[in-house]
Structures are given as structure tokens and as C-alpha cells.
Amino acid sequence: MLVRILKVLFIFLLFLYHSSVFSKSSENNNFNQRYLSNYFSALVSYENGANELAIKYFNSTKSILRDYPSYFDKYVESLVLNNKVREAINQIKFFKSKNNIVNFQKTFLLTIDALKSSNFNKASDHLSDMKSILIPNSYEQIIYDILKSYNQLFLERKISKVKNYGNLNKILLAFQYCYLSDDRANNYFSELLNSEGLDYSRYLFFYISNLISKNEYDSAKIVSLNIEPITSTLLILQSKYWIDQSKFDNFSKIFSCKSETDVLAEMFFLISNLYSSQEDYDMSNFYLNISNYLNPKFKFNLSLAAENYYLMNMDTKAKEALRKFNDKDGIYYWYRIKKEFNILKETEGKEKSLTFLNSKIKNLKLKSPKIYFDLGNIYKGFKEYNKSIENYNFALEGIGKDSDSYADILYRRGGSHERLKDYKKADKDLLLSLELSPDQPYVLNYLAYSWLERKIKITQSMEMLLKAYKQKQTDPYIIDSVGWAYYLTEDYVSAEKYLKNALLIMPEDPVVNDHYGDVLWRLNMKLQATYYWNAALSSEEAEEKLKKDINKKLLFGLKNL
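Read on for an overview of the structure. (Residues numbered from 1 in each chain as written. Predicted model: local features only at pLDDT ≥ 70, side-chain atom pairs only at ≥ 80, totals over all residues. Heavy atoms only, no water.)

Quick look at unusual backbone geometry
Move 1: Positive phi, normally seen in glycine, also occurs at K383, with a value near 65 degrees.
Move 2: Here K383 is to be found in the loop between helix 21 (369-381) and helix 22 (385-397).
Move 3: Classification of K383 by relative accessible area gives exposed; the value is 52%.
Move 4: Positive phi is not limited to glycine here, since K421 has a value of about 65 degrees. (Helix = DSSP H or I, 4+ residues; strand = E, 2+ residues; numbered from the N terminus. Buried < 20%, exposed > 50% of the residue type's maximum accessible area, 1.4 Å probe, protein only.)

Pasting the structure below:
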């Protein structure tokens, strides 16, 4: 924040200096000192991301915007960030004759305007201007190449390839072939879906949409059978819901490969995602609003805006984006409820957020394994283990044992049974989870640690923990479990080594501090042991049973325990 304030002050002083010089030397003096306060307020608002307020102050100083191009650029950017793309374009056109300075942002917006109006020859002119001013080998270069490729496609109705941008080329080609109703589109969508590394599952939506546009409903149904009902993205879960309900028309209501603006919008959604992944949320929202301007029907994309605002701690703006989703929007309405719940939990506390959640789920029309799974996790986090088990049960009923998520839900349900001390059911779930998905490190760790706590199957627990540790050597919880297993086998030297490493990673964790205190006591380092026990005792995360046990240790040591 200090850096932003200093930056604004520097700009302000620079502006004041140039304004003074300008007012003395210009015959056509447009500067008025009364504008200074408003302009400074505009800059502060812009730097703080308060785009609505920035626009208000910028508007009050319009008569000098043409004389200060860099400030005009901020005005235009504020308009776009406030989802006023049409107004931003109109302002550029209005000031263009008075301000001949050309930059990438202005030229980009004029190109978007021409493309949206299907004036592809005009777009070509703007692209020529853009090429002369863009920064080579940057996102500007990529955006230019994308726009040029699509503009040529729309003009000549033939494929126009771009530079070697890896899978971005496949994405471009997929949509270009889709636009031309060429069967090769689905070949490229299929290649993306089978790519290793990055997640390209989003393009399953467009693959299915393309099948439906050709009335290949049976093929779309077959493809949807492979959609994972828990871990798939929101858009893919929404697609499965529509297909299960035979609502095939819903796909074309939000996207069509035949629409120039729809395919362009998808490209800018991709650019928006790239910026968001680099934590440049302002630029992400800038291109997301361009995408929304080109195709406002695809409102599900606004979930990215909600995420960006949430990560920027702009809760009011996040809620504004979330309100775009209503109870007719299936899984996206659940996404809205869950995100509003998270915001409320952080701002108002657990009690109010849980009351809000319970009131919302009573009238929730859509019931899906994903929703039950999320509710199970939420209730487990609130230590309402019976409710979490109930929802995990519903989630399991909605998926098959061949689902990748089945073993994971058993693991989570087993953890809830264990917290209720129903060890028989807990062990059954955890062992079945391992049977379905062997050698899962966190399941191995949870079950083995549970046995250690009950002081049963110590040798088997040690074997399981070492297997988990081999896979996750930097996980502090697994390191702690291995150290505790060595402690219970009275190998205190090895125990101290592992527990010390766990403590270095999680210095404030009460359980790790308690364990480390125990092993130090056994190594006859009693003064040091009391230090770590006290650290565990003072932790806000320490449970009551742990506190009682530590108080006994501080009084009597480990003699009577």
C-alpha cells in the first residue's frame, strides 16, 4: 500500500509540475486548478482498484484528458475494469481526433469494436497499427497473433495458422475448424483433452457442444458418461447435468462456434486465465470483461471474476459477480452459495456462516454427489462429524466404485468415524479406501497414526508410515507420524530427528510441539521438554484433551502417563 501511495504522490507532483508549465506556455489553456483535487482523487482511486470512484473523478476532469494521454489510458482502463467496455470504446473514438497518440490498449479496443461490428476490413487497419506498436514476444504479441488469425478467418473463411505457441495453436485450430463446421475440430479438442500436464478439461464442454450442434446426441451422452462427478470443473459438471436432463438446447444458448464474437470471447477468457494464474488480477479482469462484452451469454465465465475479486480481498465486488448466478444455474448456484459461505466465515465467523449455509441448502433444488461431497467436507471442518458422514453417504450413493473419488470419500468418511471414536467403522472405511487405491500416502498416514494413538499394530503402522514418507518426504504431518512411531518403539534418537524436522516446517502446531517435548523428556532434556509443552499449551489450536494431558506432564513429567 505504501508503494502505491508513493507512486500516486510522484505522479501527482509530476502532473502538478507539467500542469504549471502547460498553463504558462499554452495559448489554449484547458487546465483549471480546481480540477487538480479531482484528478488526484481519480489517481488514488485507480491505484486502489476503486474503478467506479475513479471514473467519477475522471469524468469531472474530461476537458484535460486529451492533453495527458497516460491519464486518459487509466480512465479507459477503469471503464473496462468496471465492465463499461462500450463506453471505453466511445471515449477513445471521441478523443481520437484530439489526441493522436496511439498505444496498444486503444488500438486493441478499436479492433474489438470493429470485430464485434463485423467490420473485418476496418479491423485489418487497426491490426496494422497494433503491429507497429506492440512489444515483441509478449502477451501483446500473442493477442495480436490471435486477432489477426481470426480476422483472416472471418474475411477469407480459411484456416490461418499462428506462431508455434504449443497447445495454444491446437486451441486456435479447434475453434477455427469448428467455425468452418470442419470435422477436424473435434480431433483437436480430443488432443487437448488427452494432453499431459496442464488441465484442458474445459474443452470437453466445446467438444460436447460441437457434437450437439450436429445433432449427435447419443455421442454426447456417451462422452458425458466419463465425466468425473466430484472432481470435474464447474463447467463440465454443468454440462453433465444438462445432458442428464436432456437440456441439449442450453449449450447453444451460451455458445456457438458459428458466432465470430463467441469464439473470440473464448480466446480472451483464455488470456484472462493466463493473467489470473500469474496473480495479475486486474489484467485478468480487464480481458474477462472484454470476453463478457463479446459474449455476455456465457455468464458462467464470471466465476473467474468472483475468484479474482475474492483473492484481491474485494468481497463486495466478489458478491456482485456471484449474484449473476441464481437457482436455475445448477452447480453454479451451489458455487455461489459456497463462496458466499466462505466470505461470511472469514468476515463474520463460523456460527453465522453455518447458519447461512443451513438456510440455503434447505431450498437447494439440485442435489448432486459434488454438493454432498462439499457439504461433508464443510461439516467435518466444523467438527459436526455425524452430518459429515450423512453427506458422504449421499455422495457415495451417487457415484460408482469405479469413480476416482470413491476411495477419497471413504477416506474422508473414515476420518469422521475416527473422530467420533467409532474405530470399527473408521478402520473399515480406511482399509477399503486403500484396497481401491493402494499406497495412498495420506490414507496410509491417517490409518497408521490412528493405530499408533490406540497403541495397536505398531510394527504394521511403522511399515505403512515409511511407505507414506517415501512418497511425501516434505509433508510435516507424515514426518510427525513417523517420528511418533519411532517414539512408541522407544527409538528416541530416530524419533527426535523426525520430530525436529516436522517442527521446523510447522513450528506452531500444538501436536508436533507436544510430541517433540515428549521425546526430549525421554532423552533426559527435561527443561527443553517443558518449553515445547508450554508452546503446545499456549496454542489456540490445541484441543482440550491435549491441554489436560500437557498440564499433567508439566506437573509430573511422563512418569504417570
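A closer look at the side chain of S403
Move 1: By secondary structure assignment, the location of S403 is in the loop between helix 22 and helix 23 (406-419).
Move 2: Overall, S403 belongs to the buried group, its relative accessible area being 12%.

Description of the packing of aromatic side chains
Move 1: Tallying each qualifying case throughout the model produces 41 aromatic pairs.
Move 2: Ring centres 6.5 Å apart and planes at 40 degrees place the aromatic pair F108 and F286 in the tilted group. Pair noted here: F108 is in helix 6 (residues 104-116) and F286 is in helix 16 (residues 281-294), with a separation of 178 residues, a long-range link. Comparing F108 with F286 shows no difference in burial state: the two are buried.
Move 3: Look at F325 and Y332: their rings are 5.4 Å apart centre to centre, the planes differ by 45 degrees, and that puts the pair in the tilted class.
Move 4: Look at F325 and you get buried, because its relative accessible area is 0%.
Move 5: Owing to a relative accessible area of 3%, Y332 belongs among the buried residues under this scheme.
Move 6: The ring of Y310 carries K339 above its face, with NZ or CZ at 4.2 Å from the centroid.
Move 7: Over the ring of F382 we find K350; its NZ or CZ atom is 5.9 Å from the centre of that ring. (Phe/Tyr/Trp six-rings, centres within 6.5 Å; stacked < 30°, edge-to-face > 60°. Lys NZ or Arg CZ within 6 Å of the ring centre and 35° of its normal.)

Notes on the side chain of S149
Move 1: For S149, the position within the fold is in helix 8 (residues 139-156).
Move 2: In this structure S149 comes out as buried when scored by relative accessible area, which is 2%.
Move 3: Setting aside residues no more than four positions away along its own chain, S149 makes contact with S160, V162 and Q176. (Contact = heavy atoms within 4.5 Å.)

Let's talk about helix 7 (residues 120-133)
For an α-helix the count is 3.6 residues per turn, leaving residues at separations of three or four pointing the same way.
Move 1: Here helix 7 is 14 residues long and its end C-alpha atoms lie 20 Å apart, about the 20 Å a rise of 1.5 Å per residue gives.
Move 2: Of all the positions in helix 7, only F120, A123, H126, L127 and M130 are classed as buried. Angularly, the buried residues of helix 7 cover 110 degrees about the axis, an arc narrow enough to put them on a single face. For helix 7, the exposed residues set more than 90 degrees away from the buried face come down to N121 and S132. (Expected span 1.5 Å × (residues − 1). Arc of directions from axis to C-beta.)

As for the state of the cysteines
Move 1: As enumerated under the stated definition, the model contains one disulfide in all.
Move 2: Note that C178 is cross-linked by a disulfide to C257, the S-S spacing being 1.9 Å. Between C178 and C257, the disulfide has an S-S torsion of 95 degrees and is therefore right-handed. Of the two residues, C178 is situated in helix 9 (residues 167-179) and C257 in the loop between helix 14 (249-254) and helix 15 (260-277); the sequence distance between them amounts to 79 residues.
Move 3: For C257, a relative accessible area of 8% corresponds to the buried category. (Disulfide = S-S within 2.5 Å.)

Focus: the nonpolar core
Move 1: Counting 112 residues, the largest nonpolar core has F108, L147, Y150, F175, F205, F268 and I290 as its most contacted members.
Move 2: Among all residues touching I290, those that are not within four sequence positions of it are V80, V85, F108, L109, I112 and F268.
Move 3: Among the nonpolar cores identified, the runner-up in size contains 40 residues, and L430, L503, Y532 and L546 belong to it. (Core = buried A, V, L, I, M, F, W, Y, C linked by side-chain atoms within 4.5 Å.)

Structural notes on the environment of L444
Move 1: Mapped onto the fold, L444 is located in helix 25 (residues 441-453).
Move 2: Sequence-wise, L444 and L434 are ten residues apart; in three dimensions their C-alpha atoms are separated by 7.6 Å.
Move 3: Those residues within four positions of L444 in sequence are excluded, and the remaining contacts are L434, D439, M464, K467, A468 and Q471.

Things to note about helix 21
Move 1: Between its first and last C-alpha, helix 21 extends 18 Å over 13 residues, near the 18 Å set by a 1.5 Å rise per residue.
Move 2: Where burial is concerned, most of helix 21 is hidden: ten out of the 13 residues are buried.
Move 3: By the burial criterion, the buried members of helix 21 are P369, K370, I371, Y372, F373, D374, L375, G376, I378 and Y379.
Move 4: On its buried side, helix 21 packs onto helix 13 (234-244), helix 19 (331-348), helix 20 (350-361), helix 22 and helix 23.

Let's talk about the packing of helix 21 against helix 22
Move 1: Packing of helix 21 against helix 22 brings their axes to within 8 Å, and their N-to-C directions diverge by 165 degrees. Taken as axis vectors, helix 21 and helix 22 run roughly antiparallel relative to one another. Considering the relative orientation of helix 21 and helix 22, their crossing is left-handed. Across the interface between the two elements, P369, Y372, F373, L375, G376, N377, Y379 and K380 from helix 21 touch Y385, K387, S388, N391, Y392, F394 and A395 from helix 22.
Move 2: Residues that form the contact of helix 21 with helix 22 fall into these classes: nine nonpolar, four polar and two charged. (Axes fitted to C-alpha atoms, helices over the stretch in contact; angles between N-to-C directions. Parallel < 35°, antiparallel > 145°, perpendicular 65-115°, else oblique. Left-handed = near helix turned anticlockwise from the far one by under 90°. Nonpolar A, V, L, I, M, F, W, Y, C, P; charged D, E, K, R; others polar.)

Comments concerning the pattern of salt bridges
Move 1: All chains considered together, the criterion is met by 29 salt bridges.
Move 2: Where D73 meets K106, a salt bridge forms, and the shortest distance between an N and an O atom there is 3.8 Å. Taken together, the residues D73 in helix 4 (residues 69-81) and K106 in helix 6 connect sequence positions 33 residues apart.
Move 3: K553 is the salt-bridge partner of D518, the closest N and O atoms lying 3.0 Å from each other. One end of the pair, D518, is in helix 29 (residues 510-522); the other, K553, is in helix 31 (residues 544-556), with 35 residues separating them in the sequence.
Move 4: Assessed through its relative accessible area of 5%, D518 is described here as buried.
Move 5: The exposure class assigned to K553 is buried, which follows from its relative accessible area of 7%.
Move 6: Within the structure, one salt-bridge network assembled from shared partners comprises R86, K93 and D113. (Salt bridge = Lys/Arg side-chain N within 4 Å of Asp/Glu carboxyl O.)

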